[in-house]
Amino acid sequence: MIWAASKAKEKLAFLASGLYLTGMLGGAAFALYPTGLPARVGAYSLTIRNTAAGHHGLWVGLVGWIFGLTLALACFFFIYRRFKGKVQVEGEGY
Amino acid sequence: MDSRLLVDCLHFAFPQLYASSFSGFYLPRMMALWLLMLRAIGIEFRVHIPNPVWESFFDANLFPGQCAAGDFLWSCLRQPDPRSALGPDGYFFEPLWTNWRVGPNPGILDWCTVLAGLVALAAIAVHGALYVAVKTEAALAARACGLAVTVSPVPSLLTVASLAATALVRPTVMNITGNIRSAFSCPLSSSGHWPP
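Predicted model only: the values in this text are computed from it and were never measured.

Asks: Talk me through unusual backbone geometry; I want residue IDs and the actual numbers.
Replies: Omega for the bond connecting A:Tyr33 with A:Pro34 falls within 30 degrees of zero, at 5°, which places this linkage in the cis form. The phi angle at B:Ala138 is positive, at roughly 60°, despite the residue not being glycine. Note on placement: B:Ala138 falls in helix H6 (residues 138-151). Given 9 C-beta atoms within a 10 Å radius, B:Ala138 is considered exposed.

Dropping the structure here:
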């Protein structure tokens, strides 16, 4: 990231920064797994097993998550495609 | 709407985890929302009052407002700390701070979580500067890129310090490899919840 930024390769540096953030968040999630919310008394920790809903709730969650993620990705691609390229600093505002 | 749907899915699948996390960390979440309001106010009102004093005031509002993004990331990074005073009923409350130490009576803010917050803030600042560099050109892009280069070592150093602090406070979380293995075998091992 530092090398790319110093060579004015902004896109590569931005991608590296994104990977760094993803790694941090993923690392935190995997470090904690399967605990969702750790407690000082280990037995009271909330894990994905002792907080999981019933069969129906998990299915609704999975289907809804796939639907929601698809919508989020579609929205993400639409917005970033719509506003792709460099912005004009002295352009229109509101 | 779509991101709200993703949060609702967490509520469907793990209702107690969602309820306990949100109620226990109610104050930090509310603070993040207040910061987001400041951000919106800074962006929306700046151009409506053509006065240097008010423009500076709304510009200054943007800084704490943008810190909300770091605040959200910090919330995720601080999770490995076993501070939650969760009881057997799954509820807890923690003051915003107590004595800033890691010990039997910690608050939400102590030296370790503040360090995680600084990591988040520095990482988001560099990421934002690089995004500005990608989206703009000429002098502004060069300035943003230069700022990113100057500030880049800070999140790297803070990340190392934060990792060392986490290893000191809770050594078990460093077993990431084993956790990754068990995480990807989760659908098989949790077959009790997923009958064919």
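Asks: Lay out the environment of B:Leu62 with the relevant residues and their values.
Replies: All names here are of chain B. Residue position: Leu62 is located in helix H4 (residues 52-77). With 16 C-beta atoms counted inside 10 Å, the residue Leu62 sits in the partly exposed group. Along the primary structure Leu62 and Leu38 are separated by 24 residues, whereas in three dimensions their C-alpha atoms are 6.8 Å apart. The contact partners of Leu62, leaving out residues within four places of it in the chain, are Arg39 and Gly42.

Asks: I'd like a rundown of the domain arrangement of chain A, residues and numbers included.
Replies: Per the domain assignment, the segments making up chain A are domain 1 (1-51) and domain 2 (53-85). For domain 1 of chain A and domain 2 of chain A, the distance between their C-alpha centres works out to 20 Å.

Asks: Residues and numbers for the packing of helix H5 (residues 111-135) of chain B against helix H7 (residues 153-169) of chain B, please.
Replies: Residues and elements named next belong to chain B. The contact between H5 and H7 brings their axes to 9 Å, and the two run at 155°. With respect to H7, the element H5 is oriented roughly antiparallel. In this structure, H5 crosses over H7, and the sense of that crossing is left-handed. Contact residues: Cys112, Leu115, Ala116, Leu118, Val119, Ala122, Ala123 and Val126 in H5; Val154, Pro155, Leu158, Thr159, Ala161, Ser162, Ala165 and Val169 in H7. A per-class count over the contact of H5 with H7 returns 14 nonpolar, two polar and no charged.

Asks: With reference to specific residues and values, describe H6(B).
Replies: Every α-helix carries 3.6 residues per turn, so stepping three or four residues along brings you back to the same face. A rise of 1.5 Å per residue sets the reference length of H6(B), with its 14 residues, at 20 Å; its end C-alpha atoms lie 20 Å apart and thus fit the reference within 8%. Elements in contact with the buried residues of H6(B): helix H1 (2-6) and helix H2 (10-32) of chain A together with H5 of chain B.

Thresholds, definitions, all that
Residues numbered from 1 in each chain as written. Chains lettered and ligands numbered in written order. Predicted model: local features only at pLDDT ≥ 70, side-chain atom pairs only at ≥ 80, totals over all residues. Helix = DSSP H or I, 4+ residues; strand = E, 2+ residues; numbered from the N terminus. Buried ≥ 20, exposed ≤ 12 C-beta atoms within 10 Å, placed from the backbone. Contact = placed C-beta atoms within 7 Å. Domains from an automatic or database assignment. Axes fitted to C-alpha atoms, helices over the stretch in contact; angles between N-to-C directions. Parallel < 35°, antiparallel > 145°, perpendicular 65-115°, else oblique. Left-handed = near helix turned anticlockwise from the far one by under 90°. Nonpolar A, V, L, I, M, F, W, Y, C, P; charged D, E, K, R; others polar. Expected span 1.5 Å × (residues − 1).

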